[in-house]
Amino acid sequence: MRARDRPEVPRGAGAAFGLRHGLVGIGGWLVPPPSTLVEAVLALTATDGAAAAQRLARFAALPDGDLVWTRDVDGTFRVGRVTGPWRYVTAPAADRCGIHHVRATGWAPRAVPHDTVPAAVLAAFARGGLNLQRIRAADPVASETCLLRAGGDVGR
């Protein structure tokens, strides 16, 4: 979780924020803060362009129950399950890391050992994207297994 519009924020700060608060999120600071997703998409289109707005729309449309991955400050992999709808957060902690568009997420309590992270997840992170990449794993059971190994089936 990194905010594209905040390159000065240290790597891992967004993930730390999300893990601490039970959230997964993306950047896209907006003034004034939007009260609806439609307002947010329109505002992002005007300020950051169509690609940013489409990224937000895809993020907001993730089905509850989808698994998400991030890397903690120390580089370890964490897996969680989306458990709530989109909302815009204006808290000081969100300002510091640049993560404002969030979804409630049940994160596994422990990191996933690197040698058990699915290859598709490793490949997605190796591409170096800043946020929100769809991972099409050949074996979707592998991610579910990682979630269980990391401390339980969160959010179901």
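Scroll up to find the structure this text is about.
Predicted, not measured: the structure shown is a model, and the values here were computed from it.

## Remarks on the overall build of the chain
(1) Moving on: Counting its regular elements, the chain contains 6 helices and 4 strands.
(2) Moving on: In the chain, the succession of α and β elements from N to C terminus is α-β-α-α-β-β-α-β-α-α.
(3) Moving on: For the chain, with 156 residues in total, the buried portion stands at 43%.
(4) Moving on: In the chain, 67% of the contacts between residues at least 6 apart in sequence involve partners at least 24 apart.
(5) Moving on: Surface accessibility of the chain: about 8,000 Å² in total, with carbon and sulfur atoms responsible for 57%.

## Notes on the packing of aromatic side chains
(1) Moving on: One pass over the structure, following the stated rule, counts 1 aromatic pair.
(2) Moving on: With a centroid separation of 5.2 Å and an interplanar angle of 90°, the aromatic rings of Phe77 and Phe125 are classed as edge-to-face. Taken as a pair, Phe77 in strand 3 (residues 77-88) and Phe125 in helix 5 (residues 119-126) lie far apart in primary sequence, 48 residues in all.
(3) Moving on: Relative accessible area serves as the criterion here: at 3%, Phe77 is assigned to the buried category.

## Some words on the pattern of salt bridges
(1) Moving on: By the definition in use, this model includes 2 salt bridges.
(2) Moving on: The residue Arg103 makes a salt bridge to Asp64 at a minimum N-O spacing of 3.0 Å. Pair noted here: Arg103 is in strand 4 (residues 101-107) and Asp64 is in the loop between helix 3 (50-61) and strand 2 (67-71), with a separation of 39 residues, a long-range link.
(3) Moving on: Note on Arg103: relative accessible area 2%, which makes it buried.

## Thoughts on the sheet that holds strand 3
(1) Moving on: The sheet built from 4 strands is open, its strands ordered 1-4-3-2 with antiparallel pairing. Across the chains shown, the open sheet's two edge strands, defined by having one partner strand only, are strand 1 (23-26) and strand 2. Taken pair by pair, the neighbouring strands of this sheet meet at an average axis angle of 45°, ignoring direction.
(2) Moving on: Where strand 2 meets strand 3, 5 bridges bridge the pair, whose relative direction is antiparallel. Each bridged residue has a counterpart across the sheet, and for Thr70 the counterpart in strand 3 is Arg78.
(3) Moving on: Helix 3 rests against strand 1, strand 3 and strand 4 of the sheet, and its axis sits at about 35° to strand 4.

## Brief notes about the environment of Gly25
(1) Moving on: With respect to the helices, strands and loops of the structure, Gly25 is situated in strand 1.
(2) Moving on: Overall, the relative accessible area of 3% leaves Gly25 in the buried class.
(3) Moving on: Placed 62 residues apart in sequence, Gly25 and Arg87 show a C-alpha to C-alpha distance of 9.5 Å.
(4) Moving on: Once residues within four sequence positions are removed from consideration, Gly25 is found in contact with Met1, Phe59, Ile99, His101 and Val102.

## Thoughts on the pairing of strand 1
(1) Moving on: In strand 1, alternate side chains face the same way, and those of Leu23 and Gly25 on one face and Val24 and Ile26 on the other are all buried.
(2) Moving on: Bridge count between strand 1 and strand 4: 4 bridges; the pairing is antiparallel. What sits directly across from Val24, in strand 4, is Arg103.

## Concerning the nonpolar core
(1) Moving on: One finds Phe17, Val24, Leu56, Phe59 and Trp86 to be the most contacted residues of the largest nonpolar core, which totals 27 residues.
(2) Moving on: Contributions of two or more residues to this core are made by helix 1 (13-21), strand 1, helix 2 (37-48), helix 3, strand 3, helix 4 (92-97) and strand 4.
(3) Moving on: It is helix 3 that provides the largest number of residues to this core, a total of 4 residues.
(4) Moving on: Counting residues in hydrophobic clusters, the runner-up holds 7 residues, among them Phe77, Val79, Ala108 and Val117.

Parameters and conventions
- Residues numbered from 1 in each chain as written.
- Predicted model: local features only at pLDDT ≥ 70, side-chain atom pairs only at ≥ 80, totals over all residues.
- Heavy atoms only, no water.
- Helix = DSSP H or I, 4+ residues; strand = E, 2+ residues; numbered from the N terminus.
- Buried < 20%, exposed > 50% of the residue type's maximum accessible area, 1.4 Å probe, protein only.
- Contact = heavy atoms within 4.5 Å.
- Areas by Shrake-Rupley, 256 points an atom, 1.4 Å probe, with all protein chains shown as cover.
- Phe/Tyr/Trp six-rings, centres within 6.5 Å; stacked < 30°, edge-to-face > 60°.
- Salt bridge = Lys/Arg side-chain N within 4 Å of Asp/Glu carboxyl O.
- Pairing = 2+ DSSP bridges.
- Axes fitted to C-alpha atoms, helices over the stretch in contact; angles between N-to-C directions.
- Core = buried A, V, L, I, M, F, W, Y, C linked by side-chain atoms within 4.5 Å.

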